Amino acid sequence: MQLARELIGKVVRPWCHFDLPDSNYLSAGRRNPELPGPSGVVEPLDPTTKVLEFESLGVRVRNTKRFFVLNPTSISYDFVWAPMLPPAMAAVGGPAPASPFSCLTRKGTISGGRRFEMVLEYSPTADTLSESFWSFSIPSQGIVVPFLLVGHVLEPRVSFDRPAINFGQVQVGVKGKITVSLVNDEHLPFSFTVDKSTYDASDSLLAASGGKPLLAIQPAKGTVPPNSKVDLVAVFTPQAERQINYNVAVRVHNKPTPLVLNVKGEGYALASALLLELLDGGTLEMSPTGTNALDFGQVRTWVGNTVLLKHMLQPAYAGRHLVCCT
């Protein structure tokens, strides 16, 4: 006689399925364990916490993440997204504190066997790591799924082709020119503006002093195309014998920190002197005003006598000219 036994089974299926990109932020230990949890203090996180990571190329950029939530059941239900507030703050009520994260699909209904696209945004204003705890809930079923939103800010790869330029010594009133390149290694264009106040060339300063800038950089603003470069021409026009040493700031849109180009140069002026070489080997400087007498002494007829005049240009490296008078 065969024995028979009745078996009873139950199929369990989830109320929802999240089609999220993989993240090892928690599993690989990339999260700083000293960071606070959803209650506002350092604590272990719920092991069921799902992570959604954002990467922002610079600050003040809107970054969007989209993913689907599937309802595998035959029943329609409503869902709600909400930030998780510390108990003390939740008890007081009122709006949630400012956050770089936002959800554009805070509420909705997912029909049975259908999916719903969720949209969340990350708009950082500082280049620091950001975390925010949220919950996805299905009130009718008493289901709450914790989420951790993580935001990273990446520095755009926009830089000068060299950190500094040096004009060396340039004569007063003469223009020295050097070309530098602003290089963009990103796949997006970036606009830039040269900060004239960092090299004493702001419009307000020039208007107050009535002078002309010692240093000019053109173009002073523009856009660097993706994976390309823009040449900037720096022109140094000294107006006096003095040195310059500027840290020129170039502000790239959405880049957290400005680029800095160190610029050095020195202005010099030429001063001339006419020197008479004396018989004892010494020299006598001729007066730049009035009449200078040259005494050839007694000279026989048809016999020449010579004095040597030296025309000196200062600084010394500028050279000298010898003038012979007979």
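Being a predicted model, the structure only gives us computed values, none of them experimental. (Residues numbered from 1 in each chain as written. Predicted model: local features only at pLDDT ≥ 70, side-chain atom pairs only at ≥ 80, totals over all residues. Heavy atoms only, no water.)

## Looking at empty space enclosed by the protein
Moving on, step 1. One pass over the full model with this rule turns up 1 cavity of 30 Å³ or more.
Moving on, step 2. In this model, the largest cavity occupies a volume close to 30 Å³.
Moving on, step 3. Lining the largest cavity are Phe-160, Val-180, Ile-217, Leu-232, Val-248, Val-250 and Leu-261.
Moving on, step 4. A class-by-class count of the residues in the lining of the largest cavity yields 7 nonpolar, no polar and no charged. (1 Å grid on protein atoms, 1.4 Å probe; cavity = no way out; pocket = protein on both sides within 12 Å on 5 of 7 lines; lining within 4 Å. Points joined across faces, edges and corners; volume = space filled by probe spheres on them. Nonpolar A, V, L, I, M, F, W, Y, C, P; charged D, E, K, R; others polar.)

## Digging into the layout of surface pockets
Moving on, step 1. Of the volumes computed, that of the largest pocket is approximately 440 Å³.
Moving on, step 2. Around the largest pocket sit 24 residues that line it, and Pro-97, Ser-99, Glu-131, Ser-132 and Phe-133 are the ones nearest its centre.
Moving on, step 3. Elements with a minimum of two residues in the lining of the largest pocket: strand E5 (101-103) and strand E8 (130-138).
Moving on, step 4. It is E8 that contributes the most residues to the lining of the largest pocket, 5 residues altogether. (Helix = DSSP H or I, 4+ residues; strand = E, 2+ residues; numbered from the N terminus.)

## A closer look at the sheet that holds strand E16 (residues 228-236)
Moving on, step 1. Ordered by their spatial adjacency, 4 strands build an open sheet running E10-E12-E16-E14, and the pairing between neighbours is antiparallel. Here the strands that pair on one side only, and so sit at the sheet edges, are strand E10 (158-160) and strand E14 (215-218). In this sheet, neighbouring strand axes are inclined to one another by 20° on average, regardless of whether the strands run parallel or antiparallel.
Moving on, step 2. Examined bridge by bridge, E14 and E16 share 4 bridges and lie antiparallel to one another. (Pairing = 2+ DSSP bridges. Axes fitted to C-alpha atoms, helices over the stretch in contact; angles between N-to-C directions.)

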